[in-house]
Amino acid sequence: MCGINMILRKDGSPAEREDITRMCSAISHRGPDGAGYALLDSGALAFGHVRLSIIDLQEGDQPLYNEDGAICITFNGEIYDYKQLREELIDQGHRFRTHSDTEVIVHLYEQHGMDFIHRLNGEFAFILWDARNRRLLAARDRCGVKPLFYWENEQEILISSEVKGIFALNRVPRSINPDYMIGPLLGVFPRAISAFDGIRNLKPGHFLIVESKGRSREVPYWQPTFKTNPAISFTEATEEVRRLFTRAVERRMVADVPVGTYLSGGLDSTLVCGLSAARTSKLKAFSVGFGKTIYDETDAARQTAAHYGAQFEAIDCSNEALAENFLKTIFHIEQPIANPNSIAKQVLSRLVRSKGYKVCLTGEGSDEVFGGYAYFKLEKIWRMLLAGGEQARQGRALWKRFKKLETPSEGILWSRSNHWRKLDLVLGYPSFQQMRAVDTTRGMKWILTPEVVERASFRSPYDYFLSEFPPERISRLDPFNATKLITFNQLVSYIIPCLGDRVEM
């Protein structure tokens, strides 16, 4: 869990050491345990790395090389099953100088070429230089847990874990991206877009490949797919989820430092806490509260921790604390805040670090994978109402229950509006996200000036929505999976940056 930077001079002129150190200083909060630099390719390529030590505390410094120095990497993240991969590579004749997960990537690339990426199970962003083939690779994990931004002109390419690393160099122009104003600012979430014009966000599940003459291209190595197995029984499905979930928690507990958990009153963090507690006798759980409001889950979290025998520590995030940390949170997440939970998460992360912890497991992503958000249920009710007959009768009964149970998330994750009945069902079903894009388009004239709209690639949030989620593709999916795909974009472009990597690092 670190920060990485790169400068590539396309004309072969030397990169300035002062520039790469300035980029690293701008993101030093990501790596307080050390920094490393490398000048490669006769100085035209500079790597920088700031380190947060999690695995191989003594020997895992970066940038890191293969045996003959022809391959160099700077890496941020964690490869979960690196120990098994390491043993496999040793059997194939590779020599390791460290016990870090980073070195596994270098030797996997040596062994398998570009196919090495499919062997990686983890959260990661890295930049790799292959001197033999004169190839530069940058990559992000499949769900974009770890960030990677880049800026390019005719002279150079700059890459950093955060935009502020690129903006550390005064020669990079600064302006707001009008497409961001039309899209993510108003609730339409493409998988990767920066709030800053000219700063590109490498898409999750993609390579950035730079080869001869500095030409760059993004290439996908993974796309989300949905494969339904109608033959599996509910019991078999339950056991398979249990097996995969247990293995996922076990993989993430591999570290040379203590591992804690974030804990709320939700199913996701409760299950993570329970599985973690079963594997250590010294688990510590951390929680953030909101002053006994309807959003406060501290009491439930405290009871859960006591049930599993975990030590419990909580911090209350008052309105004053939210205000005090507002600008600091924007500085770190590098995008507008639509939900103050991101501020509270930063307050919580600061508490965790002050207690000596560098690693905590969370439940982020479970609502996207398992359909936990209120609008998944809302859309099912809408489909029942449209079906008529007995389904509609059951749908009306469920609607009454739904409104009572989901009150805390009203206006954020669902709406009482009947606008869904007027939707052109281009996706094949009534979609809450489509309705939100339509409603936002109606109100955008009160938010954006005509000048912003004229500079954008799309004229409205609804146009952006249809471009990002083409009806001919989405309509082929089951409605539940279609909404999961749309929600996946929200996870990687908003939830993870605002509630995950940026505030935690």
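As shown above, the structure is provided for reference.
Residues numbered from 1 in each chain as written. Predicted model: local features only at pLDDT ≥ 70, side-chain atom pairs only at ≥ 80, totals over all residues. Heavy atoms only, no water.

Topic: the pattern of salt bridges
Spelled out, the test is: Salt bridge, as used here, is a side-chain nitrogen of Lys or Arg placed within 4 Å of a carboxyl oxygen of Asp or Glu. Numbering goes from the N terminus for both helices and strands, where a helix is a DSSP run of H or I of at least four residues and a strand is a run of E of at least two. Three exposure classes are used, based on accessible area relative to the maximum for each residue type with a 1.4 Å probe and protein chains only: buried under 20%, partly exposed in between, and exposed over 50%.
Considering all chains together, one arrives at 32 salt bridges under this definition. For E406, the salt bridge is made with K377, and the minimal N-O distance between the two is 2.6 Å. Of this pair, E406 sits in the loop between α14 (389–405) and α15 (432–443) while K377 is found in helix α13 (residues 374–387), placing the two residues 29 residues apart along the sequence. As a salt-bridge pair, R393 and E390 come within 2.5 Å of each other at their nearest N and O atoms. Remark: E390 and R393 occur in helix α14; sequence separation between them is three residues, near one turn of the helix. Take R393: its relative accessible area is 46%, and that puts it in the partly exposed class.

A look at the nonpolar core
This is how it is decided: Nonpolar cores are built from buried Ala, Val, Leu, Ile, Met, Phe, Trp, Tyr and Cys residues. Side-chain atoms within 4.5 Å join them into one set. What makes two residues a contact is simply this: any of their non-hydrogen atoms within 4.5 Å.
The biggest cluster of nonpolar side chains holds 64 residues, and the ones touching the most others in it are I7, L158, V172 and I199. The greatest single-element share of this core, amounting to 11 residues, is contributed by helix α19 (residues 479–499). Beyond its immediate sequence surroundings of up to four residues, V172 is in contact with W151, L158, I166, F167 and I199. Listed in part, the 25 residues of the second largest apolar core include I71, I79, V106 and A139.

Description of the environment of I117
Relative to the elements of secondary structure, I117 occurs in the loop between α3 (101–112) and β6 (122–130). I117 sits in the buried class, given a relative accessible area of 0%.

Considering the pairing of strand β13 (residues 259–262)
For clarity, the cut-off: Any two strands with at least two DSSP-identified bridges between them are counted as paired. With the strands aimed away from the viewer, a crossover counts as right-handed if its path from the first strand over the helix to the second runs clockwise.
Burial along β13 is two-sided: the residues V259 and T261 and G260 and Y262 are all buried. One ladder, built from three bridges, connects β13 with strand β16 (residues 359–361); its direction is parallel. Bridge pairing in β16 places V259 opposite V359. One ladder, built from two bridges, connects β13 with strand β14 (residues 284–289); its direction is parallel. Note on β14: the bridge partner recorded for T261 is A285. Handedness of the β-α-β unit built from β13, helix α7 (residues 267–277) and β14 comes out right-handed.

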